[in-house]
Number of protein chains: 2
Amino acid sequence: MQAGTADEEWREDCAPRRTLELFATKWTSMILHTLHVRHDGPARTGVLLRSIPGISKKMLTQTLREMEAAGLVVRTVHGTVPPAVDYALTPLGARFVEPVELLYDWGRRNADALDALQAKPTSRR
Amino acid sequence: MQAGTADEEWREDCAPRRTLELFATKWTSMILHTLHVRHDGPARTGVLLRSIPGISKKMLTQTLREMEAAGLVVRTVHGTVPPAVDYALTPLGARFVEPVELLYDWGRRNADALDALQAKPTSRR
DNA sequence: CGGGATCCTGCAGGATACTG
DNA sequence: CAGTATCCTGCAGGATCCCG
């Protein structure tokens, strides 16, 4: 099998790599997760804002926009005078919750491994 | 449960978020994966370079450096005249292979969901 | 309250050339 | 072959102000 390239389909647009893009935009997975744990219905913008510490209003709306365009969430406007908007997962969006939870669960169960890291690739000042 | 903030520990340095940082640096997970599937021993720099289409020589060494500092890989120099260097997973690094494979496997099994995306968050020209 | 528009910044990350 | 050093670029993402 010689393998000048790779021993499996490992092109730039293969499935694994495209999955990674989900996590390339910093907030996407957290929004998916939040919409999931709050599956008692759609979530208002303000709720999302307060549920995800550190996210800015701009990035929240921007990411939601992209997710809506991607077909991951649906946006519903209720009022017009004091705007009341909520977001809900689409069936497609719900599917992407799985890899997110997979990853997050692993993190929770392996906090000791995370602690054992000498220096983090990012977030190191 | 009121939840002004979050319904679970969801601070900026919680385990899930720190797990995400693993994938923040674009190439880390791919290197982990490559070192894993080539577990028949350590891998030479050139092998890694050819196994990961699209990675540049610079990013490869740079990422490997960070991973070494983090304790994920060990670097071994063999020659000095024609430098022969190889990298191997540490026990800690091996642990981080799991979430990577988890994610990649999901992607392979759910290529249809990836195809169903209308617009990708990234890689959109 | 939700969200657009604008400005500004850091940093991931590519290209290239040089050393041993 | 492996690695370093520069230079340069795009873009994620923060802060701020304004609109309905």
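The structure displayed is predicted, hence computed values, not measured ones.

### Considering the overall build of chain A
A count of helical and extended segments in chain A gives seven helices and three strands. The secondary structure elements of chain A, listed N-terminal to C-terminal, are α-α-β-α-α-β-β-α-α-α. Burial status across chain A gives 42% buried among its 125 residues. Of the contacts formed within chain A by residues at least 6 apart in sequence, a portion of 46% connects residues at least 24 apart.

### What to know about the relation of the copies chain B and chain A
Each copy superposes on the other: chain B lies on chain A with an RMSD of 0.0 Å after a rotation of 180 degrees and an axial shift of 0.0 Å. Expressed as a symmetry operation, the mapping of one chain copy onto the other fits a two-fold axis. A share of 100% of the interface residues of chain B reappears at the interface of chain A, consistent with the copies meeting face to face through the same patch.

### Brief notes about the pattern of salt bridges
Note on pairing: side chains with opposite charge can pair once their charged atoms come close. Summed over the entire model, instances satisfying the criterion amount to twelve salt bridges over all chains. The salt bridge involving Arg95 of chain B is made with Asp112 of chain A; its shortest N-O contact spans 2.9 Å. Note that Arg95 of chain B is positioned in helix α5 (residues 91-95) and Asp112 of chain A in helix α7 (residues 111-116), a pairing that runs across two chains. By relative accessible area, Arg95 of chain B is classed as partly exposed at 31%. The partner of Arg108 of chain B in a salt bridge is Asp105 of chain B, with the nearest N and O atoms 2.6 Å apart. One end of the pair is Arg108 of chain B and the other is Asp105 of chain B, both in helix α6 (residues 97-109) and three residues apart, which spans about a single turn. You can call Asp105 of chain B partly exposed: its relative accessible area is 31%.

### Some words on helix α2 (residues 28-37) of chain B
Within α2 of chain B, eight of the ten residues are buried, which leaves the element mostly enclosed by the surrounding structure. Those residues of α2 of chain B not exposed but buried are Thr28, Ser29, Met30, Ile31, Leu32, His33, Thr34 and Leu35 of chain B.

### A short note on the protein's contact with DNA strand C
In the vicinity of DNA strand C there are 17 residues, among which Arg65, Arg75 and Tyr87 of chain A together with Lys26 and Lys58 of chain B approach most closely. Each atom of DNA strand C within 4 Å of the protein was classed as base or backbone; sugar and phosphate made up 64%. The separation between a base oxygen of DNA strand C and a polar side-chain atom of Lys57 of chain A is 3.5 Å. A distance of 3.2 Å separates a phosphate oxygen of DNA strand C from a polar atom in the backbone of Lys26 of chain B. For the surface near DNA strand C, the secondary structure elements donating two or more residues are α3 (45-51), α4 (57-70) and β3 (85-89) of chain A together with α4 (57-70) of chain B. Among the elements that take part in the surface near DNA strand C, α4 of chain A stands out by supplying three residues, more than any other. Grouping the constituent residues of the surface near DNA strand C by class yields six nonpolar, five polar and six charged.

### As for the sheet that holds strand β2 (residues 73-77) of chain A
Residue and element names in this part refer to chain A. Judged by pairing direction, the sheet is antiparallel, and its three strands sit side by side in the order β1-β3-β2 without closing on themselves. At either end of the open sheet lies a strand with only one pairing partner, and these are β1 (43-44) and β2. With two bridges connecting them, β1 and β3 associate as antiparallel partners. Along β3, the bridge assignment pairs Arg44 with Asp86. Each of β1, β2 and β3 touches helix α2 (residues 28-37); the most contacted strand, β3, lies at about 90 degrees to it.

Parameters and conventions
Residue numbers here run from 1 along each chain, matching the order of that chain's written sequence. Written order decides the labels, with chains lettered from A and ligands numbered from 1. In view of the model being predicted, local features appear only for residues whose pLDDT reaches at least 70, and side-chain atom pairs are presented and counted only at 80 or more, with totals across whole chains, interfaces and linings using the full set of residues. Side-chain calculation: all heavy atoms of the structure are included, whereas hydrogens and water are not. Under the scheme used here, helices are H or I runs from DSSP no shorter than 4 residues and strands are E runs no shorter than 2 residues, and both carry numbers assigned from the N terminus. Each residue gets one of three labels from its accessible area relative to the maximum for its type: buried under 20%, exposed over 50%, partly exposed in between, using a 1.4 Å probe on protein chains only. Note on contacts: a residue pair is in contact if any heavy atoms of the two residues lie within 4.5 Å. Superposition of the copies was done by least squares, using only C-alpha atoms of residues whose pLDDT is at least 70 in both. The salt bridge criterion pairs a side-chain nitrogen of Lys or Arg with a carboxyl oxygen of Asp or Glu, the two atoms within 4 Å. Proximity is defined per residue: if any heavy atom of the residue lies within 4 Å of a molecule or strand, that residue is considered near it. Any pair of N or O atoms that falls within 3.5 Å is considered a polar contact. Within protein, one atom must be able to donate a hydrogen and the other to accept it, and sequence-neighbouring residues count only if both atoms are side-chain atoms. We call Asp, Glu, Lys and Arg charged. Ala, Val, Leu, Ile, Met, Phe, Trp, Tyr, Cys and Pro are nonpolar, and the rest, Gly among them, are polar. When DSSP finds two or more bridges between two strands, those strands count as paired. Each axis is a line fitted through C-alpha atoms, taken for helices only over the stretch in contact, and angles between the N-to-C directions span 0 to 180 degrees.

As far as function goes, none of this settles anything; it's purely spatial.
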